[in-house]
Amino acid sequence: MSNDAQNFSILVREQSFFHEYQPLWNTKSKKVFAYEALLRTEPRINPVLIFKQGREKGVLYDFDTASISKSIKKYPDSYWDNFFLFVNIFPSTIIHPKFTEFIEGLVNEYPIIKGRVIFEINEDPIESKLWNEENFINGLLFLKSMKLLIALDDLSFTSNAFEKIIQIKPHFAKLDRTCSENLAKSLEKQTDIESFLAITDNHSVVVLEGIEKKEDYVTACNLGILAVQGYYISKPQRL
């Protein structure tokens, strides 16, 4: 057994993982309005590898839901009134037969999460076909019926992204770092963002990820982006 495989077995058995939380910044109020929970391990393992092994071992659902539960449990009580919490979730978790039971249990245990937790859907290419399944759409409708919010992650300037936004009507639409890198110097990206904002108007709050430079932050603000995330604002950290 490889070291990664051994580490994963320990990780699942002992739940020896934790979360760091990265703030999201409201460009209008100039304040943090939310945090995203990001999986971390000790010893450090790339989260992509962790979920890959979980899928291969047939325990991705168990690990994904354990991560969601722990990220909510460890979120400071004093944060709920002022800051939303973004938690990542796989489409395969949403279509799992036990998903509704899991969410109902989560809401019963932590009723404060209603209207405060945003499920950020993982864009893993391996699960791309699941987006078209009726069970997936029904799962999203169920989350909304439980007063939980939806975010689409790692979007870019593509017709596929626009179609997802129109179909799903997420509360938040997150543009990935390829859209923000060197934004201040790219008129093409600036034009694309203006078009993206026009299309998502009245549908979703657009979050621009990967903001690492002041000039890109200023440009995003000038373009009308309401929310940003990235190292320029803050690195992920334990709360």
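Residues numbered from 1 in each chain as written. Predicted model: local features only at pLDDT ≥ 70, side-chain atom pairs only at ≥ 80, totals over all residues. Heavy atoms only, no water.

Enquirer: Where do I start with the sheet that holds strand β5 (residues 149–155) in this structure?
Expert: Each strand in a sheet pairs with its neighbour through backbone hydrogen bonds, running either in the same direction (parallel) or in the opposite one (antiparallel). Spatially, β1-β2-β3-β4-β5-β6-β7-β8 is the arrangement adopted by the eight strands of the closed barrel, whose pairing is mixed. Sheet topology note: the strand β7 (residues 205–208)/strand β8 (residues 227–228) ladder contains two bridges and is parallel. Opposite V207, over in β8, you have A227 as the bridge partner. (Pairing = 2+ DSSP bridges. Helix = DSSP H or I, 4+ residues; strand = E, 2+ residues; numbered from the N terminus.)

Enquirer: Hey, could you run me through the packing of helix α3 (residues 60–73) against helix α5 (residues 99–109) in this one?
Expert: Helices that pack against each other are described as a pair by the angle of their axes relative to one another and the distance between those axes. Packing of α3 against α5 brings their axes to within 12 Å, and their N-to-C directions diverge by 15°. Looking at the two axes, α3 sits roughly parallel to α5. Handedness of the crossing formed by α3 with α5: right-handed. Between α3 and α5, the residues in contact are Y61, T65, I68, S69 and I72 and F99, F102 and L106, respectively. When the residues that make up the contact of α3 with α5 are grouped by side-chain class, the tally is six nonpolar, two polar and no charged. (Axes fitted to C-alpha atoms, helices over the stretch in contact; angles between N-to-C directions. Parallel < 35°, antiparallel > 145°, perpendicular 65-115°, else oblique. Left-handed = near helix turned anticlockwise from the far one by under 90°. Contact = heavy atoms within 4.5 Å. Nonpolar A, V, L, I, M, F, W, Y, C, P; charged D, E, K, R; others polar.)

Enquirer: Would you take a moment to explain the side chain of E209 for this structure?
Expert: Secondary-structure assignment places E209 in the loop between β7 and α9 (214–223). The class of E209 is buried, set by a relative accessible area of 11%. When sequence neighbours within four positions are dropped, the list of residues in contact with E209 reads E36, E120, D153, D154, K174, L175, D176, R177, S180 and Q229. (Buried < 20%, exposed > 50% of the residue type's maximum accessible area, 1.4 Å probe, protein only.)

Enquirer: Help me understand the layout of surface pockets in this model?
Expert: Counted as a void, the largest pocket has a volume near 940 Å³. If you go around the largest pocket, you meet 37 residues; those closest to its centre are E36, L38, N88, D153 and D154. Class assignment for the residues of the lining of the largest pocket results in 14 nonpolar, 10 polar and 13 charged. (1 Å grid on protein atoms, 1.4 Å probe; cavity = no way out; pocket = protein on both sides within 12 Å on 5 of 7 lines; lining within 4 Å. Points joined across faces, edges and corners; volume = space filled by probe spheres on them.)

Enquirer: Just to check I follow, could you spell out the pattern of salt bridges for this structure?
Expert: Pairing between side chains of opposite charge can happen when the charged atoms of each approach one another. One pass over the full model with this rule turns up nine salt bridges. For the salt bridge of R40 with E20, the shortest nitrogen-to-oxygen distance reads 3.0 Å. Remark: E20 occurs in strand β1 (residues 17–26) and R40 occurs in strand β2 (residues 31–41); sequence separation between them is 20 residues. For the pair R40 and E20, a shared accessibility class is recorded, and that class is buried. In this structure, E212 and R177 form a salt bridge, with 3.1 Å as the shortest nitrogen-oxygen distance. You can see E212 sitting in the loop between β7 and α9 and its partner R177 sitting in the loop between β6 (172–175) and α8 (187–200), a full 35 residues away along the chain. With a relative accessible area of 45%, R177 lands in the partly exposed category. (Salt bridge = Lys/Arg side-chain N within 4 Å of Asp/Glu carboxyl O.)

Enquirer: I would appreciate a short explanation of the side chain of E20 in the present structure.
Expert: Judged by relative accessible area, E20 falls into the buried class, the value being 14%. Side-chain polar atoms of E20 contact the side chain of R40, separated by 3.0 Å. Filtering out sequence-adjacent residues up to four positions away, E20 remains in contact with E36, A37, L38, R40, R44, P236, Q237 and R238. (Polar contact = N/O pair within 3.5 Å; in protein donor to acceptor, adjacent residues only side chain to side chain.)

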